[in-house]
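# Remarks on the overall topology
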Amino acid sequence: MLPIFVIIPLGSAFLVPLVSRMRISLARVLSLCSGAALLFFSVKSIWWLEAGVRVYAVGGWRPPFGICMALDGFTVLMLVVVNIIGFASLLYSMDYARRYTSEGLYYTLFCLLLAGLNGVVISGDLFNLFVFLEITSIASYALVAFGVEAEELEAAFKYLVLGAVASALILLGIGMFLGAVSTLNMADISRSLPVVSPKLVLYGAALFIAGFSIKAGFVPFHAWLPDAHPSAPAPMSAMLSGVVIKTIGIYALLRVIFSIIGFNAVFSEIFIWMGILSMVIGVILAIGQWDFKRLLAYHSVSQVGYVIFGIGLGTPLGIIGGLFHLFNHSLFKSLLFLNAGSVEYATECRQLDKLDGLAEAMPVTSRTSLVASLSIAGIPPFCGFWSKLIIIIAAFQAHRYAGAVTCILVSIVTLASFLKVQKYAFIRKLKDAASGVKEVPLFMKIAMLLLALLCILVGLFFIPVLNTLIKPAAEALLAGKDYANLILGVPR
Amino acid sequence: MILYILCLILFSIGVYCLLVKKNLVKKIVGLGIMEYALNLFFILLGYRWDSDAPIMDKNIVITSFVDPLPQALILTSIVIGLGVTALMVAIAVRVYGKYKTFNIDEIRRLRE
Amino acid sequence: MKEQGMSLIVKRITKITVSLIFLFGVYIVLHGHISPGGGFAGGVIIALSFVHLVLAFGKETALKRLSETAASAVESLGGLFFWGIGLLGLFAGGAFFMNVLPKGRPFDLFSSGSIILSNIAIAMKVGAGLFAIFIAMAILRIPVDEGDKQKR
């Protein structure tokens, strides 16, 4: 039952090039159906957990001899995040991608991206995770360079160089562990790690932290992010900022550190300081930006710092806050990038000081952008307020007063930055009445409304969301090295 | 032990080429060196003392094999490296078409 | 039209060797479960036989043998074939990619179940894919923008 998350997007990724040569509308329908099917199964997987952790042995070979796929609470949370944003971006692409001549290629790469993201999340084997991570990375390099303008190619090249270094560091870390314990199953490595010398574990952990932090965009590894995220097509920016940096960066890092190596005080300090640096530097660099999408990319760096700060606190409340902020950030940041894409679609301009007030001309875009801006700034009752509140309370409880004060200050500066965005892009009056700016086509509106509705609903009903999605994920992370017992069974 | 250190020296030469050199084509060569060093490191991990290649045949009596698992991993890793190199070369060709130069110092339109 | 490709000696030798290279590639693919090699290595050799044609005769001749659309179609079909083998394991056996075809005796050509079919699928995908990459770079004419100089 678990491989369905990989079967559906891989099948559509192989079918779309054949089908798109006949009629492009078939390719659109095929990829949208696969996105919808993935969303359906990922929501259903919340109920699969009631019987406990699910393990699937690929090819009939039982772990630890064969490759296995595992579903625990954290996996379910990431599956829901990936597939909601993937479906919304696919809906948005139905109209946005018509501007590209090779539209079939766009849908192929997008389905491969979805296949890679789902595969990273359900994989139970370390090298399998690396292979799906590479599929995701290569698809995202090609999608960033998709509209072949000069700036996009330059951004894609820089992203490629840093991404290749990150993948090489991750592979070197896998090699360290493989040489020590001769197995690749994550549960088996976790069980055999006590016999390995602690220095080797430290080298491996350092390589993994460096590699996954480059992929996630923490400071000081964030150099590719402000160039790559604005240059991609708008639905791809939403996927990159909302899902990719969280899956191949944060999810993989937490899986390795919590379930394989075991969380201790050293990792806690590293995560907290990376979080504080990311929050502060991201927001400082974001204030002076006048390019809409580049501003959003810098804010991504800052908000990802919140997530890793919350998780680095190590207390159950901190981990719940961090994971809830991961979920919320993917919702509102993707919505903001889709809004920026709509503004660019309608006015061909991304500079904030050259935009006029678009509130009357584009009602759906401006209202959803208002919802998203209030969420990211942390205004009740939208979703961002609750997750930031939980992180700040957890920081006070863990006696990290400097970190908590930093969270509050960064949140205020984020509010100021987004008030600027709202004022310049949407609220200022139109200078000339006949500017011909129209609202975006139907599918783009539906995608933005879907995400805005989710922002509002999660903000109002945050307690059921916390109980069904976030608490099992936090428990799965806090179980730590008990993951091995859940996958392989208790040793006799 | 000395073999692993030589592999890591080759890996750092590759990373130096990829990050420090100014020409785009030299960066691609640096990526290739880095990939080779990593693959070599993995294959060396599988060596067992005084063992033979892991190929079975009808009339051969073998006592011990080297570990075949890293060799399967390296096949996958070589294919991934091929994909990344092909993509990098394609992007470099297009960048040359737009910017007329391979020098990374002059490809800086995004900085303003 | 100007003479394409290399000199006459290279063309004569290529006519003999290119089919031998292709046959060698097919041999490596089909014996993937008995001797070293398998889908990826054999696929690369098959692609190289087509690249040999391009180098010796010029791209028109090679594109007459295998055009870009045909290469792209073969690649997608190879991927779908591999996906289908996985699904066959799921529906007939019970696990994704389970080996459900008859396994035969060891060291026979048609033994070890679905490994030989997987090798053929991978060889189709890798061979056509490598040739498509090479042709895409060989026939690409970069649009040279004259008025696109960077301002100092």
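Residues numbered from 1 in each chain as written. Chains lettered and ligands numbered in written order. Predicted model: local features only at pLDDT ≥ 70, side-chain atom pairs only at ≥ 80, totals over all residues.

### Points about the overall build of chain A
Of regular secondary structure, chain A possesses 19 helices and two strands. Here the C-alpha atoms of chain A give a radius of gyration of 22 Å, agreeing with the 23 Å that 2.2 N^0.38 yields for 492 residues. On the principal axes, the C-alpha backbone points of chain A span a range of 75 × 60 × 40 Å. Here chain A holds 492 residues, and 63% of them are scored as buried. Counting contacts in chain A only where the partners sit at least 6 residues apart, residues at least 24 apart contribute 80% of the total. (Helix = DSSP H or I, 4+ residues; strand = E, 2+ residues; numbered from the N terminus. Rg over C-alpha atoms; globule rule 2.2 N^0.38 Å. Buried ≥ 20, exposed ≤ 12 C-beta atoms within 10 Å, placed from the backbone. Contact = placed C-beta atoms within 7 Å.)

### A closer look at the overall build of chain C
A tally of helices and strands in chain C yields five helices and zero strands. Shown N-terminal to C-terminal, the secondary structure of chain C runs as helices and strands in the order α-α-α-α-α. The C-alpha extent of chain C, read off along each of the three principal axes, is 60 × 45 × 25 Å. Relative to all contacts within chain C whose residues are 6 or more apart in sequence, the contacts with residues 24 or more apart total 65%.

### Some thoughts on the interface of chain B and chain A
The accessible area lost on association of the parts is a frequent measure of interface size. Tallying the contact residues gives 28 residues for chain B and 27 residues for chain A. Secondary-structure elements contributing two or more residues to the side of chain B that touches chain A are α1 (2–20), α2 (24–45) and α3 (69–99) of chain B.

### Observations regarding helix α6 (residues 150–181) of chain A
Residues three or four positions apart in an α-helix share a direction because the helix packs 3.6 residues into each turn. All names here are of chain A. A rise of 1.5 Å per residue sets the reference length of α6, with its 32 residues, at 46 Å; its end C-alpha atoms lie 47 Å apart and thus fit the reference within 8%. Burial runs high along α6: 26 of the 32 residues are buried. In the segment just after α6, S182 is the residue with positive phi, at about 60°. (Expected span 1.5 Å × (residues − 1).)

### Concerning the packing of helix α3 (residues 73–96) of chain A against helix α4 (residues 103–122) of chain A
All names here are of chain A. The N-to-C vectors of α3 and α4 enclose an angle of 170°; their axes lie 9 Å apart at closest approach. For the element pair α3 / α4, the angle class is roughly antiparallel. Taking contact as the criterion, the partners of T75, M78, L79, V82, G86, L90 and S93 in α3 are, on α4, F110, L114, L117, N118, V121 and I122. Residue composition of the contact of α3 with α4, by class: nine nonpolar, four polar and no charged. (Axes fitted to C-alpha atoms, helices over the stretch in contact; angles between N-to-C directions. Parallel < 35°, antiparallel > 145°, perpendicular 65-115°, else oblique. Nonpolar A, V, L, I, M, F, W, Y, C, P; charged D, E, K, R; others polar.)

### Some details on the nonpolar core
Core analysis: the largest hydrophobic core is formed by 225 residues, its most contacted members being L77(A) and C455(A). For this core, the element with the most residues is α6(A), which contributes 20 residues. What C455(A) contacts, discounting residues up to four positions off in sequence, is L331(A), F332(A), L335(A), V371(A), A372(A), S375(A), F382(A) and C383(A). Within the second largest apolar cluster, 29 residues are counted, among which are F40(C), V54(C), F131(C) and F134(C). (Core = buried A, V, L, I, M, F, W, Y, C linked by C-beta atoms within 7 Å.)

### Quick word on the pairing of strand β2 (residues 68–71) of chain A
Remember that side chains alternate between the two faces of the sheet whenever the strand is regular. Residue and element names in this part refer to chain A. By the alternation rule, side chains of β2 split into C68 and A70 and M69 and L71, which are all buried. When strand β1 (residues 54–57) meets β2, the two strands line up antiparallel, connected through four bridges. When the bridges of β2 are listed, V55 appears paired with A70. (Pairing = 2+ DSSP bridges.)

### Observations regarding the confidence of the model for chain C
Residue and element names in this part refer to chain C. For chain C, the average pLDDT comes to 82, and 90% of its residues sit at 70 or higher. Element-level mean pLDDT values for chain C span from 81 in helix α3 (residues 59–65) up to 91 in helix α1 (residues 8–30). Considering only residues more than four positions removed or in separate chains, one finds that residues 146–152, a stretch of pLDDT under 50, has three contacts. In the model output, the complex is listed with pTM 0.93 alongside ipTM 0.93. (pLDDT = per-residue confidence, 0-100.)

### Quick look at unusual backbone geometry
Residues and elements named next belong to chain A. For the bond running from V219 to P220, omega is 5°, close enough to zero to count as cis. With omega at 0°, the peptide bond leading from P380 into P381 counts as cis. By the secondary structure assignment, P381 is in the loop between α14 (363–377) and α15 (383–397). Here the phi dihedral of S182 falls at roughly 60°; this positive angle occurs in a residue that is not glycine. Summarising the element assignment, S182 is placed in the loop between α6 and α7 (186–192). A positive phi angle, near 65°, is found at H399, a position not held by glycine. Along the chain, H399 turns up in the loop between α15 and α16 (401–427).

### Some points on the packing of helix α13 (residues 316–347) of chain A against helix α18 (residues 462–479) of chain A
Residue and element names in this part refer to chain A. With their axes 9 Å apart at the nearest point, α13 and α18 run at an angle of 125° to one another. Classified by the angle their axes make, α13 and α18 are oblique. Where α13 crosses over α18, the two elements pack in a sense that is right-handed. Residues P316, I319, I320, L323, F324 and F327 of α13 form the contact with α18, whose participating residues are L466, L469, I470, K471, A473, A474, L477 and L478. (Left-handed = near helix turned anticlockwise from the far one by under 90°.)

### Digging into α15(A)
Residues and elements named next belong to chain A. In this model, α15 (15 residues) spans 22 Å end to end at C-alpha, consistent with the 21 Å of a helix rising 1.5 Å per residue. Among all positions of α15, only C383, G384, W386, S387, K388, I390, I391, I392, A394 and A395 are buried. On its buried face, α15 sits against α12 (292–312), α13, α14, α16, α17 (442–460) and α18. Following α15 by one or two positions, H399 has its phi on the positive side, about 65°.

### Here's the deal with the environment of R12(C)
One can find R12(C) in helix α1. Separated by 44 residues in sequence, R12(C) and A56(C) have C-alpha atoms that sit 9.5 Å apart.

### Comments concerning the environment of A474(A)
Residues and elements named next belong to chain A. Note on placement: A474 falls in helix α18. In this structure the C-alpha to C-alpha distance between A474 and G322, which are 152 residues apart in sequence, comes to 9.3 Å. Once you skip the residues sitting within four places of it in the chain, A474 turns out to touch P316, I319, I320 and L323.

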